[in-house]
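Chain by chain, the residues:
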Amino acid sequence: MYYNNRRLALSIFWAVAGIVLIVLSVAKVLDSSLYAGMGGGLTAVGVLQSIRNIRYRKDAEYREKIDIEYSDERSRFLRMKSWSWAGYIVVLVEAVGVVVASILGEETVRMVLSYSVCLILVAYWVSYLILGKKY
C-alpha cells in the first residue's frame with residue numbers, strides 16, 4: 001500500500017479538525033458535548049493514522065508487512081467475506097427490529113429501520129447489476 005504525502009496531510013487535517021472541535025466546545029462556542037466527543041474521536045484517528053503513515057515510511061519491515069497484508073489474496077478474500085456476512089447480519093437484525101418495533105408500537109423506529117433495510121437492499125441490487133455486467 002502506497003502512503004503518499006496526501007494521506008499524511010489528511011491525517012494531520014483530521015487531528016487538527018478534532019482539536020478545533022474540542023477547543024470550540026470547551027470555549028462554549030458549540031453548545032453540545034457531541035462536538036467535543038466527535039473532536040476527540042477525530043483527533044485520535046488523525047494522530048493514530050499519522051503515526052501509522054510515519055512508521056510505514058521509516059520502518060522497512062513494517063512496510064513489507066502492511067504491503068503483504070493489503071495485497072495478499074487470502075486477506076482480500078477474508079475482507080470481502082466479512083463484508084458480505086456483515087451485510088447479511090445487519091439486514092436480518094434490522095428486519096427483526098422492524099417486527100419488534102411494530103409489535104411495540106414504535107412507528108418512528110419501525111420506519112427508520114424499514115428505510116434502512118430498503119436502502120441496503122437497493123444498494124445490493126444496484127451493485128449486483130453493475131458487477132454482473134463487469135464480470
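Since we're looking at a predicted model, the values are computed, not measured.

**Observations concerning the overall build of the protein**
And then number 1: A tally of regular secondary structure across the protein gives 5 helices and 0 strands.
And then number 2: Its C-alpha radius of gyration of 21 Å places the protein more than 25% over the 14 Å reference for a compact globule of 135 residues.
And then number 3: Its C-alpha atoms put the protein at 55 × 50 × 25 Å along the principal axes.
And then number 4: Taken over 135 residues, the protein has a buried fraction of 18%.
And then number 5: Across the protein, the fraction of contacts at a sequence separation of at least 24, relative to all contacts at a separation of at least 6, is 48%.

**Some words on unusual backbone geometry**
And then number 1: Positioned with a positive phi, K28 is a non-glycine residue whose angle comes to about 65 degrees.
And then number 2: Along the chain, the position of K28 falls in the loop between helix 1 (5-26) and helix 2 (33-58).

**Focus on helix 3 (residues 60-71)**
And then number 1: Spanning 12 residues, helix 3 covers 16 Å between terminal C-alpha atoms, matching the ideal 16 Å at 1.5 Å per step.
And then number 2: N-capping of helix 3 is provided by D59, with a side-chain oxygen placed 3.2 Å from the backbone N of E61.

**Points about helix 1**
And then number 1: A rise of 1.5 Å per residue sets the reference length of helix 1, with its 22 residues, at 32 Å; its end C-alpha atoms lie 32 Å apart and thus fit the reference within 8%.
And then number 2: Every buried residue of helix 1 is listed here: L8, S11, A15, A17, G18, L21 and S25.
And then number 3: Close packing links the buried residues of helix 1 with helix 2.
And then number 4: K28 lies just past helix 1 and shows a positive phi near 65 degrees.

**A few points about the packing of aromatic side chains**
And then number 1: Scanning the entire structure with this criterion turns up 2 aromatic pairs.
And then number 2: Cation over ring: R63 sits above Y56, and NZ or CZ is 5.8 Å from the ring centre.

**Points about the packing of helix 3 against helix 4 (residues 73-104)**
And then number 1: Packing of helix 3 against helix 4 brings their axes to within 5 Å, and their N-to-C directions diverge by 55 degrees. By the angle between their axes, helix 3 is oblique relative to helix 4. Contacts from E69, Y70 and S71 in helix 3 reach E73, S75, R76 and R79 in helix 4.
And then number 2: Class assignment of the residues belonging to the contact of helix 3 with helix 4 gives a composition of 1 nonpolar, 2 polar and 4 charged.

**So, the packing of helix 2 against helix 3**
And then number 1: Two numbers describe how helix 2 lies on helix 3: the axes approach to 6 Å, and their chain directions differ by 110 degrees. Relative to helix 3, helix 2 is oriented roughly perpendicular. Seen from helix 2, the contacting residues are R52, R55, Y56, R57 and K58; seen from helix 3, they are A60, Y62, R63, I66, D67 and Y70.
And then number 2: For the contact of helix 2 with helix 3, the per-class residue count stands at 5 nonpolar, no polar and 6 charged.

**A few points about the pattern of salt bridges**
Two side chains with opposite charge may pair up if their charged atoms get near one another.
And then number 1: Tallied over the full model, the rule gives 2 salt bridges.
And then number 2: With a shortest N-O distance of 4.0 Å, D59 and R55 are connected by a salt bridge.
And then number 3: Relative accessible area serves as the criterion here: at 30%, D59 is assigned to the partly exposed category.
And then number 4: One salt bridge connects E107 with R110, and the closest N-O pair in it is separated by 2.6 Å. Taken as a pair, E107 and R110 lie in helix 5 (residues 107-134) at a separation of 3 residues, close to a single helical turn.
And then number 5: Assessed through its relative accessible area of 43%, E107 is described here as partly exposed.

Here is what the cut-offs are and how they apply
Residues numbered from 1 in each chain as written. Predicted model: local features only at pLDDT ≥ 70, side-chain atom pairs only at ≥ 80, totals over all residues. Heavy atoms only, no water. Helix = DSSP H or I, 4+ residues; strand = E, 2+ residues; numbered from the N terminus. Rg over C-alpha atoms; globule rule 2.2 N^0.38 Å. Buried < 20%, exposed > 50% of the residue type's maximum accessible area, 1.4 Å probe, protein only. Contact = heavy atoms within 4.5 Å. Expected span 1.5 Å × (residues − 1). Polar contact = N/O pair within 3.5 Å; in protein donor to acceptor, adjacent residues only side chain to side chain. Phe/Tyr/Trp six-rings, centres within 6.5 Å; stacked < 30°, edge-to-face > 60°. Lys NZ or Arg CZ within 6 Å of the ring centre and 35° of its normal. Axes fitted to C-alpha atoms, helices over the stretch in contact; angles between N-to-C directions. Parallel < 35°, antiparallel > 145°, perpendicular 65-115°, else oblique. Nonpolar A, V, L, I, M, F, W, Y, C, P; charged D, E, K, R; others polar. Salt bridge = Lys/Arg side-chain N within 4 Å of Asp/Glu carboxyl O.

In short, geometric facts, not functional conclusions.
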